[in-house]
Structure formats: structure tokens, C-alpha cells
There are 2 protein chains.
Amino acid sequence: MKFCSDCSAPVRHGVPDGDDRLRHICDACGMIHYQNPKVIAGCIPIFEGQVLLCRRAIEPRMGLWTLPAGFMELGETMAEAATREAFEEAQVEVELEALYTLFSLPHISQVYAFYRARMPEARFGAGTESLEVRLFEEKDIPWEQLAFETVRRTLQLFFSDQKSGEVKIHIEDILPRPSV
Amino acid sequence: MKFCSDCSAPVRHGVPDGDDRLRHICDACGMIHYQNPKVIAGCIPIFEGQVLLCRRAIEPRMGLWTLPAGFMELGETMAEAATREAFEEAQVEVELEALYTLFSLPHISQVYAFYRARMPEARFGAGTESLEVRLFEEKDIPWEQLAFETVRRTLQLFFSDQKSGEVKIHIEDILPRPSV
């Protein structure tokens, strides 16, 4: 941010009175421009024990596999965002069951939320942001070709919980590590 | 938003190619300025069955009671934000136990997260954003003087779960209603 989005004057980086953090401050009109973490909502679409993954047609991580997920939009609930993203990226109509994983990623200022989701039928296809969309059995998951650590961790927990029979919400922090 | 924060040219409201939502678009430099929901993190500080509430010294809802909570900052986990806000608003050092309520408020594009938190000792005080801070037994909660529906609902669930003995996470949407 270089200019004030309210009055177009140059902004400076400084700590406002009564604050303890650097913000973008406009001395011309007095506006303080706050920036905050973003929420990414997605789901694990499940059909007869298989999970639906999308191969990304866009950067970052083009060509790698992901669960359908994307930035929550203004005016949405987290569940609405997760349902919308599944339809946009995988052309699938899902029935959300429950929130399953919730991650804080402080190094990139993101919060990720994945829901478990039922696919009433095996109807899906590649949306504009996907190269291909496929159902995977656990043994066929492309673990070395997953786009994001949040996806890897959600799938790992999902199959582990399936075996133990105890399916519950998982709330974790994910810190930087070499990408998979 | 009236001007591009990258180049200071006027922005227009339009739907970018390949998108289906109105965004702020800068035709001068090509930047699309996305806006997304914000996360508010807070906690229920608990000492010997009593909960700690803060009377707000700032707008909105100045003079009304709230649980300590505030906007999650860049670079934080949700738990770090909740802990920091408790210290800033109520000068209390809490030990978070677990995420307790998670609300989507689509009409104001917010996500609220409250943790259950243990107060190791009854040490607290009014931070700069609070007029006073007090421990309340359930019978003394100022239900008609609570600042936010998220706070009212969290306290309602908390005391109800205490009675039933089943303390679990609650994930709900909160839609507009007359303020309490």
C-alpha cells in the first residue's frame, strides 16, 4: 500500500497514537488502513469413502492436487464459502456435514477451515481453476503432489480418523516448513 | 475505496474478467483490490466458575459489557490473538483451554472465535479500551447490557453446557436481529 484509498495522498508506515503496531497511515485525511488475516474455506467431498481432489490450473502450485477451497467472500458464512468453492472448482454439489479442520497459518496470515462433505452422487468436473478433478481411494492419494500443507494435514487426519472411528474437529497451527 | 492504493489512480467498481463479483479495479495499473471478511478472536476468562467481562470504553457499544475480543492481526494464530486481546482489554493472563464458539456473521462479514480460558489467579484490570473489568457469577451476568450477540450467545452456551456437563465446541451462524 503506497497511497490512501480514500483520498489518494501518499501513506506512511507508522504506529498510530494508542496503538502498538505499524499501520498504513494517511496524514492528509487521517485514515488508518488496517490489514488483517484472510479466511480460506474448503471441504473434503466424500463419495463412498473416496475423496475428491482438484489439480490446480492456476498459480500458486499449478499442476498440484488440492481439496476445493478458496478465499471467503464478503457477505458469506464459512459454510457458504466452502460450498461455493466446491462448486466452482470441482463442479460438485456437496452437503456439508461438520467443520473438520481449522488451521492458523501465522506466517502467511491465513486461517483455513475444511468441512467434511457428502457427495450425494458422483457428479463433478473441472471448473476453470482446475485442470482435472478425480475421486481417490486412500491408497491412490498423490501425497507427493499435494499443493498445500493444509490439504496434506486434513487428508492425513481424515484417513487416520476413519480408521480409529473417532471423527472429530481438529484445531491446529501450521508453521512454515519445506513445501511438499 | 476510491483510489488505487498501489498507484493512486481512481478505481472503478466492476466485475473482473473470469470473476463473478464486483471488485475495486484499477484500470491504470491493472490491480484488483479484494476485500474479505475479518476474524475477531476472544475468550471466556474463567476463575472459580465466574467469568470475566469488560465494560467497553470505546464505540461501538460503549458502556456495554463484553468478553475480551478483537481483530486478529497479521502474523498471529487465532489463539495468540485471543490471548493478546484478554491481556490488552482486561489485563489478565489466561491459559486457553479449547476453542468454544465459532460464528459466521455474514451481514457484517465477520468470523468470531471464542476460546474457553483458565485464569490461574484473580488478577485483572481495565485496559485502555475498558471502563471496568469484573468477575461475574451466572446470576449476576448483565444480560440486558451485553455489547454483542456473539457474546450473549457464547455466555448462554457456556452456562448451559456447564449444567449439562457436556462442554463442546459450537459452530453457528448469527444473522441480524435487534441488538440486545
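Since we're looking at a predicted model, the values are computed, not measured. (Residues numbered from 1 in each chain as written. Chains lettered and ligands numbered in written order. Predicted model: local features only at pLDDT ≥ 70, side-chain atom pairs only at ≥ 80, totals over all residues.)

> I tried to follow the sheet that holds strand β2 (residues 23-25) of chain B on my own but got confused; where do I start?
Neighbouring strands of a sheet are bound in pairs by backbone hydrogen bonds; such pairs are parallel or else antiparallel. Residues and elements named next belong to chain B. The three strands are arranged β1-β2-β3 in an open sheet whose pairing can be described as antiparallel. Taken across any chain shown, the strands that pair with only one partner, and hence form the sheet edges, are β1 (12-14) and β3 (32-33). In this sheet, β3 lies alongside β2 in antiparallel orientation, the contact comprising two bridges. Paired with I25 across the bridge in β3 is I32. (Pairing = 2+ DSSP bridges. Helix = DSSP H or I, 4+ residues; strand = E, 2+ residues; numbered from the N terminus.)

> What am I meant to see in the interface of chain A and chain B here?
Interfaces are often sized by the accessible area lost when the parts come together. Each partner contributes residues to the interface: chain A has 31 residues there, and chain B has 31 residues. Counting only elements with at least two residues in the side of chain A that touches chain B, the list comes to β4 (38-47), β8 (95-105) and β11 (170-173) of chain A. (Contact = placed C-beta atoms within 7 Å.)

> When you look at unusual backbone geometry in this model, what are you seeing that I'm missing?
Note: most peptide bonds trans; most residues except glycine with negative phi. Residue and element names in this part refer to chain A. Across the junction of E59 and P60, the peptide omega takes the value -5 degrees, indicating a cis bond. Residue position: P60 is located in the loop between β5 (50-56) and β6 (65-66). Positive phi, close to 50 degrees, is recorded for S109, a residue that is not glycine. As for its position among the elements, S109 is in the loop between β8 and β9 (110-118).

> Hey, could you run me through the relation of the copies chain A and chain B in this one?
Two copies of one chain are present, and they are related through a rotation about an axis combined with an axial shift. Its rotation angle being 180 degrees, the transformation that places chain A on chain B also includes 0.0 Å of axial translation and leaves an RMSD of 0.0 Å. Taken together, the turn and the small shift mark the pair as related by a two-fold rotation axis. Comparing contact sets, 100% of the residues at the interface of chain A also lie at the interface in chain B, consistent with an isologous, same-surface contact. (Least-squares fit on C-alpha atoms with pLDDT ≥ 70 in both.)

> Got a minute to help me understand helix α2 (residues 149-164) of chain B in this structure?
Relative to the 22 Å expected for 16 residues at 1.5 Å per residue, α2(B) spans 22 Å between its end C-alpha atoms, a close match to the ideal helical length. Buried residues of α2(B): B:T150, B:V151, B:R152, B:T154, B:L155 and B:F158, and no others. (Expected span 1.5 Å × (residues − 1). Buried ≥ 20, exposed ≤ 12 C-beta atoms within 10 Å, placed from the backbone.)

> Explain the sheet that holds strand β1 (residues 12-14) of chain A here, please?
With antiparallel pairing, three strands are arranged side by side in an open sheet as β1-β2-β3 (chain A). Every interior strand has two partners, whereas the edge strands, β1 and β3 (32-33) of chain A, have only one.

> Hey, could you run me through the pairing of β9(A) in this one?
In the case of a regular strand, side chains alternate between the two sheet surfaces. Residues and elements named next belong to chain A. The element β9 is largely enclosed, with a buried count of seven among its nine residues. Pairing between β4 and β9: nine bridges, direction parallel. Bridged to P45 within β9 is A117. One ladder, built from nine bridges, connects β8 with β9; its direction is antiparallel. Each residue of the ladder has a partner; that of F103, found in β9, is Y112. Linking β8 back to β9 in an antiparallel pair, the connection comprises four residues, with S109 at a positive phi of about 50 degrees.

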